[in-house]
Amino acid sequence: MNAHLAIAPILVPFLAGVLLLTLRDLPMPLRRWLALFAALAQVGIAIMLLAAVAGGEILVYRLGDWPAPWGIVLVADRLAAWMVLITTLLALFALIHASDGTDRKGRHFHVVFQMQLFGLAGAFLTGDLFNLFVFFEILLIASYGLMLHGGGAARTRAGLHYVVLNLLGSTVFLFAAGLIYASLGSLNLADIAAKAAGVAPENLGLARAGGLLLLAVFALKAALLPLHLWLPAAYAGTAAPVAALFAIMSKVGAYAILRTATLVFGDGAGSLARLFEPWLLPAALATLAAGMLGALAATSLGRLAAWLVVASVGTLLIAFALGQQGAVGTAGTAGIAAGLYYLPHGTFATALLFLLAEALRRRRPASADSLAPDADMPRHALWGGLFFVAAVAATGLPPLSGFVGKFLILKAAAEQPWVWAVILVSALAGVIALARAGTRLFFSARSADSAAPPLPVYEPHSAARELVAIGGLLLLIFALTIGAGAVVDFTRATALQLADPAAYIAAVLGLEGVKR
Amino acid sequence: MEALIALAIGVLTGCGVYLVLRAHTFPVVLGLTLLSYAVNLFLFATGRLVIGQPPVIGSAAAALGQLADPLPQALVLTAIVIGFAMTAFVIMLSLRARAELGNDHVDGRQEGGTQS
């Protein structure tokens, strides 16, 4: 079993997707159970994978048993396993929420959902640059399907922008991969890393251009300023469970930046070392500021949550950029460790806000989730309370895990006043934006005797699945808070592993016989 | 030959970028197609240009270090397949946008600027 553990997170959603496609004539409840079972299995596998690599082992899976660098390899280290676990947990609750009716609004929702997970897991686990491109395409194709699921003019318009931009991004990715291959002679990430230091002087310019083009592509996926403009409309326009799942999508770009920055363009890369460093921190700071300004200007909770996704990517990349600056072993790893702790928190908190926005859309007939008064909604204390907890989480106020994450990032940014200023001021802006949203949404009910026409009745279905999904994400945030010590120990170990890519390279290229 | 290939890639990319920046979906789709042609040619050239040699290790040519690199050819095949599928998808999406938004502007608005 252990021998195939590294490919299991990719195979299970793929097979589940194919199975759901062939069984598309089954009644919906059966398909839902099947999809739910697949999602649960993926969480189980992700936990097993994490347990297998937590001690510092690097699982290498050679597809077709071709030795690297000739064949394609899948590599599971701490970072990959951590990302897979976050994805599967998020997917489980997004799926539970989607089975509350979203999946009936178009055909093949569950198939495309599983294919999305297939692409995400592949992107995290692959150890090959061109294979990363292929998995990016898989997850993007699936995301086009999910994003347009349900249809509607606004969704089509945002979807067209999203698709065209990502196709352009894919083209640039191919140019970048071609440049890397032309200058370094390999596409295997470990092999590229091993060859980066010895790049021929006449190829140095090509390699630098290729590396920076890669950064541009990953920045587009991560919605880093100035390539963030597509995100708010796309995320706010799509269905709530899809937007919740997409909260991890922008983190794929952040993951790819972190992986290439530490493995390929790390300190051992000679004249290519720290290629991203001059760009990453300023762009990340500007992204956080722009995200919070957007949140202040948002007119609906969905848009607000989408801008908070931009802000959370900014926070995350500030942490990763700090990891690029400091000396290895001290401040550098502290920044990456803080970022890896903040990553699941930011993902779950923004997903939570998307689901709450959908809950409001269903219960406020006149103004949906826009920040305008509406008739008193049923069980407003429950939804208001949930919104309050989610807002505390999203802005990083104590006692929830966002505070711990931001505290760790600030600690890693010692003596960098700009970082402190941007993070603290933007946190204040986030508090103001969410406090204003909460006040408008829950405190200012429209008076019953107004001249407005009678409102349509709130659809009387049970809120059980919504509450399970929202409650589950909240529980994950609580778990991150309570287990902060253990999680931070793990992310520190992950950061140390990333800071020393020699073990990764040796494992992939089989120099030390770490074969499994 | 290097100059010719480089010129072809450059012209295709330039035209592609120009068309992608147009405001209507049809030129944008054409521009994406031109860009994918450009990137396919580019990938093909990343293995260095070699004329009339087999992509086989162990041949006499390979001993002289003149074999045609087979890897970019495989990459181009993959890129063509993916690019073809994505072009089909974006055409369908453009048609749907044309139907749902009432015009073929990328933002779904009329020339006058009113959003539909």
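Look above for the structure.
Parameters and conventions
Residues numbered from 1 in each chain as written. Chains lettered and ligands numbered in written order. Predicted model: local features only at pLDDT ≥ 70, side-chain atom pairs only at ≥ 80, totals over all residues. Heavy atoms only, no water. Helix = DSSP H or I, 4+ residues; strand = E, 2+ residues; numbered from the N terminus. Rg over C-alpha atoms; globule rule 2.2 N^0.38 Å. Buried < 20%, exposed > 50% of the residue type's maximum accessible area, 1.4 Å probe, protein only. Contact = heavy atoms within 4.5 Å. Areas by Shrake-Rupley, 256 points an atom, 1.4 Å probe, with all protein chains shown as cover. Lys, Arg positive; Asp, Glu negative; His and termini not counted. Charge placed at Lys NZ, Arg CZ, Asp CG, Glu CD. Buried area = accessible area lost by both parts, 1.4 Å probe. Salt bridge = Lys/Arg side-chain N within 4 Å of Asp/Glu carboxyl O. Polar contact = N/O pair within 3.5 Å; in protein donor to acceptor, adjacent residues only side chain to side chain. Nonpolar A, V, L, I, M, F, W, Y, C, P; charged D, E, K, R; others polar. Core = buried A, V, L, I, M, F, W, Y, C linked by side-chain atoms within 4.5 Å. Expected span 1.5 Å × (residues − 1). Phe/Tyr/Trp six-rings, centres within 6.5 Å; stacked < 30°, edge-to-face > 60°. Patch = residues over 30% accessible without salt bridge, like charges linked within 9 Å, V, L, I, M, F, W, Y side chains within 5 Å. Axes fitted to C-alpha atoms, helices over the stretch in contact; angles between N-to-C directions. Parallel < 35°, antiparallel > 145°, perpendicular 65-115°, else oblique. Left-handed = near helix turned anticlockwise from the far one by under 90°.

Student: Give a description of the overall build of chain A that names residues and reports values.
Tutor: Of regular secondary structure, chain A possesses 20 helices and two strands. Against the 2.2 N^0.38 benchmark of 24 Å for 516 residues, chain A shows a C-alpha radius of gyration of 22 Å, consistent with a compact globule. For chain A, the C-alpha atoms occupy an extent of roughly 80 × 55 × 40 Å along the three principal directions. For chain A, buried positions account for 63% of its 516 residues. The contacts in chain A between residues at least 6 apart in sequence include a share of 78% that link residues at least 24 apart. Surface summary for chain A: the accessible area is close to 17,800 Å², and the carbon and sulfur share equals 70%. With 31 positive and 23 negative side-chain charges, chain A shows a spacing of 6 Å between the two charge centroids.

Student: Quick rundown of the interface of chain B and chain A? Include the residues and the values.
Tutor: Accessible area lost upon the coming together of the parts is a frequently used measure of interface size. With 34 residues of chain B at the interface, the matching set in chain A holds 28 residues. When chain B packs against chain A, close to 2,700 Å² is buried across both sides, 78% of that on carbon and sulfur atoms. On the surface where chain B and chain A come into contact, there are zero salt bridges. Viewed at the interface, chain A and chain B are joined by five residue pairs in polar contact (both at pLDDT 80 or more). Elements with a minimum of two residues in the side of chain B that touches chain A: α1 (2-20), α2 (25-45) and α4 (70-101) of chain B. Counting residues per element, the side of chain B that touches chain A draws most heavily on α4(B), at 15 residues. Across the side of chain B that touches chain A, the residue classes break down as 20 nonpolar, nine polar and five charged.

Student: Outline the nonpolar core, supporting the account with residue identities and numerical values.
Tutor: Residue and element names in this part refer to chain A. If you look at the biggest cluster of nonpolar residues, it comprises 232 residues, and the most contacted ones within it are Leu 129, Tyr 235, Leu 317 and Ile 318. No other element matches helix α14 (residues 331-363), which puts 18 residues into this core. In this structure Tyr 235 touches Trp 230, Ala 243, Phe 246, Ala 247, Met 249, Ser 250, Ala 306, Val 309 and Phe 354, once residues within four positions along its chain are discounted.

Student: So what's going on with helix α12 (residues 277-297) of chain A? Residues and values would help.
Tutor: Here α12(A) spans 31 Å end to end across 21 residues, near enough to the 30 Å set by a 1.5 Å rise per residue. Buried within α12(A) are the following residues: Leu280(A), Leu281(A), Ala283(A), Ala284(A), Leu285(A), Thr287(A), Leu288(A), Ala290(A), Gly291(A), Met292(A), Gly294(A) and Ala295(A).

Student: For the packing of aromatic side chains, give the residues involved together with the corresponding values.
Tutor: All names here are of chain A. For the structure on display, the rule yields 21 aromatic pairs over all chains. Look at Phe 136 and Phe 173: their rings are 5.6 Å apart centre to centre, the planes differ by 85 degrees, and that puts the pair in the edge-to-face class. One end of the pair, Phe 136, is in helix α5 (residues 129-147); the other, Phe 173, is in helix α6 (residues 153-184), and 37 residues separate them in sequence. For the pair shown, Phe 136 and Phe 173 are each scored as buried. Ring centres of Tyr 162 and Phe 246 lie 6.4 Å apart, and the angle between their planes is 20 degrees; this geometry places the pair in the stacked category.

Student: Which residues make up the environment of Arg155(A), and what values do they have?
Tutor: Residue and element names in this part refer to chain A. Counting through the fold element by element, Arg 155 comes out in helix α6. Under the relative-accessibility criterion, Arg 155 is labelled buried at 17%. C-alpha of Arg 155 to C-alpha of Pro 13: the two residues are 142 residues apart in sequence and 26 Å apart in space. Aside from chain neighbours lying at most four places away, what touches Arg 155 is Met 147, Leu 148, His 149, Gly 150, Gly 237, Thr 238 and Ala 239. For Arg 155, the side chain forms a polar contact with the main-chain oxygen of His 149, separated by 2.5 Å.

Student: Account for helix α1 (residues 8-22) of chain A, with residues named and values stated.
Tutor: All names here are of chain A. Helix length check: α1, at 15 residues, gives a terminal C-alpha distance of 21 Å against a target of 21 Å (1.5 Å per residue), a fit within 8%. Within the sequence span of α1, burial applies to Ala 8, Pro 9, Ile 10, Pro 13, Ala 16, Gly 17 and Leu 20. Buried residues in α1 make contact with α2 (28-53), β2 (73-76), α3 (78-98), α4 (109-125) and α5.

Student: Tell me about the pattern of salt bridges, and please be specific about residues and values.
Tutor: A full pass over the atoms with the stated rule returns 10 salt bridges over all chains. Close ionic contact of Glu277(A) with Arg274(A) constitutes a salt bridge, the shortest N to O distance being 3.5 Å. Given a relative accessible area of 25%, Glu277(A) falls into the partly exposed group. For the salt bridge of Glu100(B) with Arg96(B), the shortest nitrogen-to-oxygen distance reads 3.4 Å. With Glu100(B) and Arg96(B) both in helix α4, this residue pair falls four residues apart, about one helical turn.

Student: Can you tell me about a nonpolar patch on the surface, naming the residues and giving the values?
Tutor: All names here are of chain A. Residues Leu 11, Phe 14, Leu 15 and Val 18 make up a contiguous nonpolar surface patch of about 320 Å² in total accessible area. Checked against the element boundaries, Leu 15 lands in helix α1. Look at Leu 15 and you get exposed, because its relative accessible area is 53%.

Student: Run through the packing of α2(A) against α4(A), naming residues and quoting values.
Tutor: Residues and elements named next belong to chain A. One can describe the packing of α2 onto α4 by two numbers: an axis separation of 10 Å at closest approach and a directional angle of 15 degrees. In terms of orientation, α2 lies roughly parallel with respect to α4. Between α2 and α4 the crossing geometry is left-handed. Residues Met 28, Arg 32, Ala 35, Ala 38, Gln 42 and Leu 49 of α2 lie in contact with α4, whose contacting residues are His 110, Gln 114, Leu 117 and Leu 125.

Student: Describe in detail the packing of α3(A) against α4(A), supporting the description with residues and values.
Tutor: Residues and elements named next belong to chain A. Across the interface, α3 lies against α4 with an axial gap of 9 Å and an inter-helix angle of 170 degrees. Here α4 runs roughly antiparallel to α3, going by the angle between their axes. Every residue of α4 that contacts α3 at Ala 80, Met 83, Val 84, Thr 87, Ala 91, Ala 94, Leu 95 and Ala 98 is listed here: Phe 109, His 110, Phe 113, Leu 117, Leu 120, Phe 124 and Leu 125. For the contact of α3 with α4, a count of residues per class yields 13 nonpolar, two polar and no charged.

Fair warning: the whole summary comes from geometry, so function is off the table for now.
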